[in-house]
Every structure is written in C-alpha cells, then in structure tokens.
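# Descriptive analysis of the structure
Spelled out from the first residue to the last, the chains are:
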Amino acid sequence: MASNAKIAVVVAIVALLQVSCIAVARRNGKAGPCADDAEGCLDHLAASRHGHGDGGGIPAVMTVNGFQKGEEGGRSECDGAFHNDHERLVALSTRWYASGHRCHKKIRITSVKNGRSVDATVVDECDSRRGCKDNIVDASKAVWEALGLDTNIGEVPVTWSDA
C-alpha cells in the first residue's frame, strides 16, 4: 500500500512540473521548451532554479569554440552574426538551447575544478543532431580565461544555470 502512495506522489510531482513549464511558456507568449520534449522542460526548470546562491547547477562538459569569422563555429544561430572571442559567449547543446529560447540570455558557468563562476551570453546552438554531444557548453576563450582555465585542455567539467 505504501508503494502505491509513493507512485501517486511521483505522478503528482511530474504533473505539476508539466503544468509549471506550460504556464511559464504561455506567460512568455512562446511554445517553450516543453513543446517538443519533456526532458527539455525538466532541464529548463532545473536550470532556472539552480545557481542562485545555492552552488548548484546542471552538470555539463565545457569545450572551446571560436565565434569569429573564419573559425570552426560559423555564424551564430541566434542572430546570424559572427562574434568576438573576447566576449563571454556560449553555444548550448540542442536540448539546452531550447529552440532558441535562451538566445541572448545569460547563463552562469561554474568550474568543477576550481569553483570559479562567470556569466556568459548564449548566442549559438551546439547541434546535437549533427554530432554535438547533448551535455555541452561550448564556450569562447574569454569564458575559459575568466574561469582561470587553460583552453589547451579542450574539455572540462562544469555546471551551469540560468543567470
């Protein structure tokens, strides 16, 4: 009987999460990240609730990306422009990019290695349908430098949240 009560509680929590995500999307006049997949909705809710003084965040792998013309990244998905690598910029994996709902918004990135944090602006998608892993924060050299990390390492564990 106790297991039935636990199942009922879990179902109620999932239903509340879905309703919350839909309400946020409607308030903003957009379909929201919940429109396409439930996992994206849960990531959206988790990111918006983490990183506000509680030291938490969504685990990710940070990689190095070039946002300038002639570099591997190409034009930004958010605005079709190239950007300066001296700016604190990121591209997020497809599910976190949330169909562009995070474009030009700040996220807070924290190095697991040294605990340092920095805010960066989302300007691009790291397309998971074209080879990008689904847990990537692809960051400019300026983000790496602000976190005190060596870009030659290539990949480092971080956490991130909406700023």
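What you see is a predicted model, and the numbers here were worked out from it, not measured in a lab. All chains use their own residue numbering, which begins from 1 and follows the written sequence. Two thresholds apply to this predicted model, a pLDDT of at least 70 for residue-level local features and 80 or more for giving and counting side-chain atom pairs, whereas whole-chain, interface and lining totals are computed over all residues. As a rule here, side-chain values cover all heavy atoms of the structure and leave hydrogens and water aside.

In this structure, Ser99 is a non-glycine residue whose phi angle is positive, near 55°. By definition, any uninterrupted DSSP run of H or I lasting at least four residues is a helix, any uninterrupted run of E lasting at least two residues is a strand, and each is numbered from the N terminus. Within the secondary structure layout, Ser99 lies in the loop between helix H3 (94-97) and strand S3 (106-111). Of note, the phi angle at His104 is positive, near 65°, even though the residue is not glycine. You can see His104 is positioned in the loop between H3 and S3.

Should the pLDDT be low somewhere, the predicted coordinates at that spot are not to be read in detail. A residue's pLDDT is the confidence the predictor assigns to it, expressed on a 0 to 100 scale. Per-residue pLDDT for the protein chain averages 80, and the proportion of residues at 70 or more is 67%. Helix H2 (residues 38-49) is the least confidently modelled element of the protein chain, averaging 52 in pLDDT, while S3 averages 98, the highest of any element. For residues 23-39, every residue scores under 50 in pLDDT, and the model assigns this stretch 17 contacts once sequence neighbours within four places are set aside. Working rule for contacts: check all heavy atoms of both residues, and any pair within 4.5 Å makes them a contact.

Our focus in this paragraph is the environment of Asp85. For Asp85, the location among the structural elements is in the loop between strand S1 (58-64) and strand S2 (89-93). Throughout, exposure labels follow a simple rule: accessible area from a 1.4 Å probe, protein chains only, divided by the maximum for the residue type, with under 20% read as buried, over 50% as exposed, and the rest as partly exposed. Judged by its relative accessible area of 6%, Asp85 falls in the buried class. The spatial distance from the C-alpha of Asp85 to the C-alpha of Gln68 is 6.3 Å, given a sequence separation of 17 residues. Side-chain polar atoms of Asp85 contact the backbone nitrogen of Phe67, separated by 2.8 Å. Side-chain atoms alone can form a polar contact between residues adjacent in sequence; in general such a contact is a pair of N or O atoms within 3.5 Å, and within protein one must be able to donate a hydrogen while the other accepts it.

The subject of this paragraph is the environment of Leu147. Inspection of the secondary structure assignment puts Leu147 in the loop between helix H4 (141-146) and strand S6 (155-162). Considered as a pair, Leu147 and Ile109 are 38 residues apart in the sequence and their alpha carbons are 8.6 Å apart. Excluding its chain neighbours within four sequence positions, the residues that come into contact with Leu147 are Met62, Ile109, Ser111, Asn114, Arg116, Ser117 and Val118.

Glancing now at the sheet that holds strand S4 (residues 117-126). Strand pairing is assigned whenever DSSP detects at least two bridges linking the two strands. Judged by pairing direction, the barrel is mixed, and its six strands sit side by side in the order S1-S5-S2-S4-S3-S6 before closing back on the first. The average undirected angle you get between the axes of adjacent strands in this sheet is 45°. Of the strand pairs in this sheet, S3 and S4 are connected by five bridges, and their pairing is antiparallel. Bridge pairing in S4 places Thr110 opposite Ser117. Axis definition: a line fit to C-alpha positions, over the contact stretch in the case of helices; interaxial angles, taken between N-to-C directions, run 0 to 180 degrees.

The term disulfide is used for any two cysteine sulfur atoms that are within 2.5 Å. Applying the stated criterion across every chain, the model contains two disulfides. The disulfide that involves Cys126 links it to Cys132, with 1.9 Å between the sulfurs. Since a negative S-S torsion denotes a left-handed disulfide, the Cys126-Cys132 link at about 105° is right-handed. In this pair, the class of Cys126 matches that of Cys132, namely buried.

With respect to the secondary-structure elements, Pro59 resides in strand S1. With relative accessibility at 61%, the residue Pro59 sits in the exposed group. When the C-alpha positions of Pro59 and Ile109 are compared, they lie 9.9 Å apart, and in sequence the two are 50 residues distant. Here Pro59 is in contact with Trp96, Val158 and Thr159, once residues within four sequence places are set aside.

A large share of S4 lies buried, amounting to eight of its ten residues. Two strands pair when backbone bridges link them, and S2 and S4 are joined in this way by five bridges, in the parallel orientation. Bridge pairing in S4 links Leu92 to Glu125. In this antiparallel pair of consecutive strands, S3 and S4, the connection spans five residues, and Gly115 shows a positive phi of 80°.

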